[in-house]
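So the chains spell out like this:
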Amino acid sequence: MKKRPIISGIVLLVIFMLAGCETGKKTDFYPRFLTEHEWTHYTYCDETIDFYDNGDYSYHCACGEPVGNSDLFDSYQYNNKTKQITLSPKGPGDNIQVLRYSPSRLLLCFSDGVKEFIDQKDPLVSKSRPNLDYDIENYTQAFSSYSELLTEDGEWASAPAGYHQSPSRYQNYIVKETISDDASFYFWHVTEKETEEGPQFSHTLKKITLTQANSLLEKGPAPAYLWYGKTGKIEKAVFFSI
């Protein structure tokens, strides 16, 4: 008779442990940093990628069409050790690498390039949309991110566009950046001129050196279109001015 409380306690402990394991598995496979945000990549037709806490997955543009072959997949699992998202059913492009996550910013590497997604639920960073109407020359094709570049302790960092207007509000969104050894840098200036037919725009795109890019940042934060490589390093930066 004395053994019953002990046995009952062991049974309850096992039940709690199993329940804990199931909860842990769900959190590992479907982490909150993926599921609790509305991730959007700003481009000519904005792209939204959805990771649901039940394992469902979708990736579509603002027009409602799937991005690339994303309609081949309908579910996902996340591996915390490898930082990799595996899509199902298996097929070309069924792996997405998480390169970086910070508050309201998510950098993902797909088979065809790297893109940064902004959380639409965050009213501060969701304003960081670039005006691509200026890009009549297609200078920004396949860009990864539109951000403001700055320097911290002599190193490059980035913040959502709008940082220069209120730096103190954006402190939690700043991330350190690494520049690829063979990175290229450009300065793109747009000039607007009023005419009888309406505003006319002229463009100049000039290749600059890393030294010149650093000189720009010494003057203060600068908006830029960024292209990242598969390891998360900046491979190309186009500084924008109007």
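What counts and how
- Residues numbered from 1 in each chain as written.
- Predicted model: local features only at pLDDT ≥ 70, side-chain atom pairs only at ≥ 80, totals over all residues.
- Heavy atoms only, no water.
- Buried < 20%, exposed > 50% of the residue type's maximum accessible area, 1.4 Å probe, protein only.
- Helix = DSSP H or I, 4+ residues; strand = E, 2+ residues; numbered from the N terminus.
- Pairing = 2+ DSSP bridges.

J.: Just checking my understanding: could you explain the pairing of strand β7 (residues 105-110) for this structure?
T.: A regular strand carries its side chains on alternate faces of the sheet. The buried count for β7 comes to 6 of 6 residues, which makes it a mostly enclosed element. Burial along β7 is two-sided: Arg-105, Leu-107 and Cys-109 facing one way and Leu-106, Leu-108 and Phe-110 facing the other are all buried. As defined by bridge partners, strand β6 (residues 95-102) adjoins β7 across 5 bridges and the pair is classed as antiparallel. Its bridge partner being in β7, Tyr-101 is matched across the sheet by Leu-106. Between the end of β6 and the start of β7, which pair antiparallel, lie 2 residues, with Ser-104 showing a positive phi angle near 65 degrees. Hairpin connection from β7 to strand β8 (residues 113-119): 2 residues lie between these consecutive antiparallel strands.

J.: Any chance you could explain unusual backbone geometry here in plain terms?
T.: Peptide bonds are trans in most cases, and residues, glycine excluded, mostly fall at negative phi. Cis geometry marks the peptide bond from Ser-88 to Pro-89, where omega comes out at -5 degrees. Positionally, Pro-89 belongs in the loop between β5 (84-88) and β6. Of note in the backbone geometry, Ser-104 takes a positive phi value of approximately 65 degrees without being a glycine. For Ser-104, the position within the fold is in the loop between β6 and β7. Using a relative accessible area of 6% as the deciding quantity, one classes Ser-104 as buried. In this structure, Asn-138 is a non-glycine residue whose phi angle is positive, near 65 degrees. You can see Asn-138 is positioned in the loop between β8 and β9 (145-152).

The quantities given are spatial measurements derived from coordinates; they are silent on function.
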